Amino acid sequence: MAALGGAALYTRIATKRIEREVPVDGAFLDVAGARLHYVDRGTGTPIVLLHGLGAQLRNFSYGVADALASDFRVILVDRPGSGYSVSTGSQPGILGQAAIVAALIEQLELQRPLLVGHSLAGAIALGVATHHPDSISGLALLAPVTQPPQSMPAPLASAIKAARIGRTLFANLLGTPLSRATYGLRWGKIFAPDPVPADFATRGGGALGDRPVSVNAALVELASANEDLIAIVRLYGSLKLSVALLYGREDQVVDPAIDGERAVAAIPGATLEMTDGGHMLPVAHPQASARFIRECAERM
């Protein structure tokens, strides 16, 4: 009991410190299912940017947004449970977040923007394209997860999604201490072979992923990935919008030979590009990422 009490106290202190070091950047918007934190910059053709698992919108403000905002209207969004966005009901999975992104686009009256998704948000972007196709005009996907990962047994995934109280207790008692203790190892593997920037925790928003709310959201996203992506993959052949994928040649998180090539083979007209670097393209290679997004927007 003393150890659990100490963990809970550590979590509270660590969360307050993280939020002081990485404060709110933008505005808030209420949509069905979530209160979303977002940053809206620039004018012109709209581009919506979605960050990956355990991350937040500063992944894109690290370098990509500056390179685009002079010519485009750029909207950076914290996904529900990540950064400063919160779900107003149960924590949504992949398809639940796709519906929330479509609601954001409608409420901001963006008129079919280009949607950008990095890593697991690539799956969410594909969920928007397949289940809400009138919301967007194209996808620019950075190191996206496009196939069911099959990394979690179905009974475990169902248990995680159903155990709301258990997830909350874990996140508030053990999630933050474990996440903080493994921060360097975890992000080192995700960035590899690129180095983790020294200011990634603050300028890149990496520290926000250590808070209980983010740990809880990540568990649900991982638990929903397989089932939701099966539903998304079934509709790839029906897509009628522009879809482009960019991977780092040294990506050690998502295999371009599987997620990239299978998606391109299934989605009519989809294209696959490769660049130098690992998985964290928006942070480690912002110029290559911005060039790719810009070219997709111009083609759109």
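Residues numbered from 1 in each chain as written. Predicted model: local features only at pLDDT ≥ 70, side-chain atom pairs only at ≥ 80, totals over all residues. Heavy atoms only, no water.

(A) Summary view of the overall build of the protein chain. Scanning the protein chain from N- to C-terminus turns up 12 helices and 9 strands. In terms of C-alpha radius of gyration, the protein chain reaches 18 Å, essentially the compact-globule figure of 19 Å for 300 residues. Each principal axis of the C-alpha atoms in the protein chain carries an extent, and together these give about 60 × 40 × 40 Å. For the protein chain, the proportion of its 300 residues judged to be buried stands at 52%. Taken as a whole, the protein chain presents about 12400 Å² of accessible surface, with 56% of it coming from carbon and sulfur. With 25 positive and 26 negative side-chain charges, the protein chain shows a separation of 7 Å between the mean positions of the two kinds. (Helix = DSSP H or I, 4+ residues; strand = E, 2+ residues; numbered from the N terminus. Rg over C-alpha atoms; globule rule 2.2 N^0.38 Å. Buried < 20%, exposed > 50% of the residue type's maximum accessible area, 1.4 Å probe, protein only. Areas by Shrake-Rupley, 256 points an atom, 1.4 Å probe, with all protein chains shown as cover. Lys, Arg positive; Asp, Glu negative; His and termini not counted. Charge placed at Lys NZ, Arg CZ, Asp CG, Glu CD.)

(B) Region of interest: the packing of aromatic side chains. Scanning the model with the defined rule gives 3 aromatic pairs in all. Relative to Phe200, the ring of Trp187 has its centre 4.8 Å away and its plane inclined at 70 degrees; by these criteria the two rings are edge-to-face. One end of the pair, Trp187, is in helix H8 (residues 183–191); the other, Phe200, is in the loop between H8 and helix H9 (212–233), with 13 residues separating them in the sequence. Across the pair, Phe200 and Trp187 agree in class, each one buried. Ring plane angle 80 degrees and centroid distance 5.1 Å describe the contact between Phe191 and Phe200, whose orientation is recorded as edge-to-face. Accessibility assignment for this pair places Phe191 and Phe200 in one class, buried. (Phe/Tyr/Trp six-rings, centres within 6.5 Å; stacked < 30°, edge-to-face > 60°.)

(C) Representation of the pairing of strand E1 (residues 27–31). The pairing of E1 with strand E2 (residues 34–41) spans 5 bridges and is antiparallel. Considered in E2, the bridge of Ala27 is made with Tyr38. Counted along the chain from E1 to the antiparallel partner E2, the turn is 2 residues long, and its residue Gly33 has a positive phi close to 95 degrees. (Pairing = 2+ DSSP bridges.)

(D) Here's a closer look at the pattern of salt bridges. For the structure shown, the criterion picks out 14 salt bridges. Across the pair Arg41 and Asp66 runs a salt bridge whose closest N-O atoms are separated by 2.8 Å. Remark: Asp66 occurs in helix H3 (residues 64–68) and Arg41 occurs in strand E2; sequence separation between them is 25 residues. A salt bridge links Arg203 to Asp199; the nearest nitrogen and oxygen atoms lie 3.5 Å apart. A relative accessible area of 42% means that Arg203 is categorised as partly exposed. Given the relative accessible area of 27%, Asp199 is considered partly exposed. (Salt bridge = Lys/Arg side-chain N within 4 Å of Asp/Glu carboxyl O.)

(E) Main features of helix H4 (residues 94–107). With 14 residues, H4 extends 20 Å from end C-alpha to end C-alpha; this agrees with the ideal 20 Å at 1.5 Å per step. Residues Ile94, Gln97, Ala98, Ile100, Val101, Ala102, Leu104 and Ile105 constitute the buried set of H4. One or two residues past the end of H4 sits Glu109, with phi positive at roughly 55 degrees. (Expected span 1.5 Å × (residues − 1).)

(F) Looking closely at the nonpolar core. In this structure, Val48, Leu50, Leu115, Ile136, Leu139, Val243 and Ile267 are the most contacted members of the largest nonpolar core, which totals 43 residues. Looking at this core element by element, the count peaks at 8 residues for helix H5 (residues 120–131). For Val243, the residues in contact, after removing those within four places along its chain, are Leu139, Leu141, Ile267, Gly269, Ala270 and Thr271. Within the second largest apolar cluster, 24 residues are counted, among which are Leu49, Leu114, Val116 and Ala244. (Core = buried A, V, L, I, M, F, W, Y, C linked by side-chain atoms within 4.5 Å. Contact = heavy atoms within 4.5 Å.)

(G) Quick peek at unusual backbone geometry. That bond from Ala192 to Pro193 is cis: its omega, 5 degrees, falls within 30 degrees of zero. For Pro193, the position within the fold is in the loop between H8 and H9. If you check the backbone angles, Ala143 has positive phi at about 45 degrees while not being a glycine. Along the polypeptide, Ala143 turns up in the loop between strand E7 (138–142) and helix H6 (154–162). Residue classification places Ala143 among the buried residues on the basis of a relative accessible area of 0%.

(H) How the structure looks around a nonpolar patch on the surface. Together, Phe170, Leu174 and Leu178 line one region of the surface with nonpolar side chains, adding up to about 250 Å² of accessible area. Relative to the helices and strands, Leu178 is located in helix H7 (residues 164–181). (Patch = residues over 30% accessible without salt bridge, like charges linked within 9 Å, V, L, I, M, F, W, Y side chains within 5 Å.)

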